Amino acid sequence: MQSELMYPFLENFLNSYESIDIEKIYSYSLNNKIPAVDKSVGEVLRFLVQLKNPENILELGCGAGVATKYLLFSDKIKLTAVDYNADRLGKAKEHFSPSDNVEFVFDKAENFLNKTEDYYDFVFVDTIKREYPGIWHMIRRKLKNNALVIFDDILLYGYTLFEDAEIPGRYIQSVKELRNFINEIKCRYPSNSSVIPIGNGLLLINHEKC
Ligand SMILES: C[S@@+](CC[C@H](N)C(=O)[O-])C[C@H]1O[C@@H](n2cnc3c(N)ncnc32)[C@H](O)[C@@H]1O
């Protein structure tokens, strides 16, 4: 009720949470026009990592490493961050020290998932949106029981929820893929998935092995 009054202020309020020192890497990404998660999304990621206490985190599409900073919440975590943009990956590396337990991998997410022999209990995906369904089917084989998988931007500026006629042409294909993907997840994980309307929307899947 009355949420249209709240929404214009919500992101500002959520972005004001600052639990970690993010300013340097965040302004670097902003100033160099490198896409990065909103601080509000980062804070949710950090909180979920704190709750789930994972050992092995996989991040697909790490860009210059803003989300990586939030995910690398404790020194007990081993984090693998993958991106196929060498320049961004290089910048990400500069923002972490050798003592941080993070490995940056220059690869396409799909190639990496084909090759890796590791299993993960926390995965954050922020690659090209229309690739999400394919990537999900590959990730599923690499999850530990009770793993949490999070897809960023699932609402794509809200277009995923709009009428087709109101969606700009360049987004229509991605929107169709994302809608099918959300429906597939809702059917398969009716009680173990959710969409959080924060940033451009997070899709959460808690994967229990049968
Ligand atoms: C939105 S940016 C990620 C920003 C990052 N989450 C952050 O908070 O700093 C998306 C990144 O995914 C990478 N990317 C997109 N599709 C990919 C794929 N299939 N494999 C590997 N990297 C991919 C792009 O190069 C880009 O750097």
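Definitions and cut-offs
Residues numbered from 1 in each chain as written. Predicted model: local features only at pLDDT ≥ 70, side-chain atom pairs only at ≥ 80, totals over all residues. Heavy atoms only, no water. Phe/Tyr/Trp six-rings, centres within 6.5 Å; stacked < 30°, edge-to-face > 60°. Helix = DSSP H or I, 4+ residues; strand = E, 2+ residues; numbered from the N terminus. Buried < 20%, exposed > 50% of the residue type's maximum accessible area, 1.4 Å probe, protein only. Lys NZ or Arg CZ within 6 Å of the ring centre and 35° of its normal. Pairing = 2+ DSSP bridges. Right-handed = clockwise from strand over helix to strand, strands pointing away.

Participant: I'd love a proper account of the packing of aromatic side chains, names of residues and values included.
Facilitator: Considering all chains together, one arrives at 11 aromatic pairs under this definition. Summarising the aromatic geometry, the rings of Y132 and F151 are spaced 4.9 Å apart at their centres and angled 55 degrees between planes, so their arrangement reads as tilted. Of this pair, Y132 sits in helix α7 (residues 132-139) while F151 is found in strand β5 (residues 143-151), placing the two residues 19 residues apart along the sequence. A relative accessible area of 0% places Y132 in the buried class. An aromatic cluster of at least three residues, connected via ring pairs, comprises Y132, W136, F151, F181 and Y189. Positioned above the aromatic ring of F96 is the side chain of K69, whose terminal nitrogen or guanidinium carbon lies 4.4 Å from the ring centre.

Participant: Describe in detail the pairing of strand β1 (residues 56-60), supporting the description with residues and values.
Facilitator: Of all five residues in β1, five are buried; the element is thus mostly enclosed. Burial along β1 is two-sided: N56, L58 and L60 and I57 and E59, pointing in opposite directions, are all buried. Both β1 and strand β2 (residues 78-83) contribute to a ladder of five bridges, which runs parallel. Looking at β2, one finds that N56 is bridged to K78. Between the parallel pair β1 and β2, the chain is carried across by helix α4 (residues 66-71), and the sense of this crossover is right-handed.

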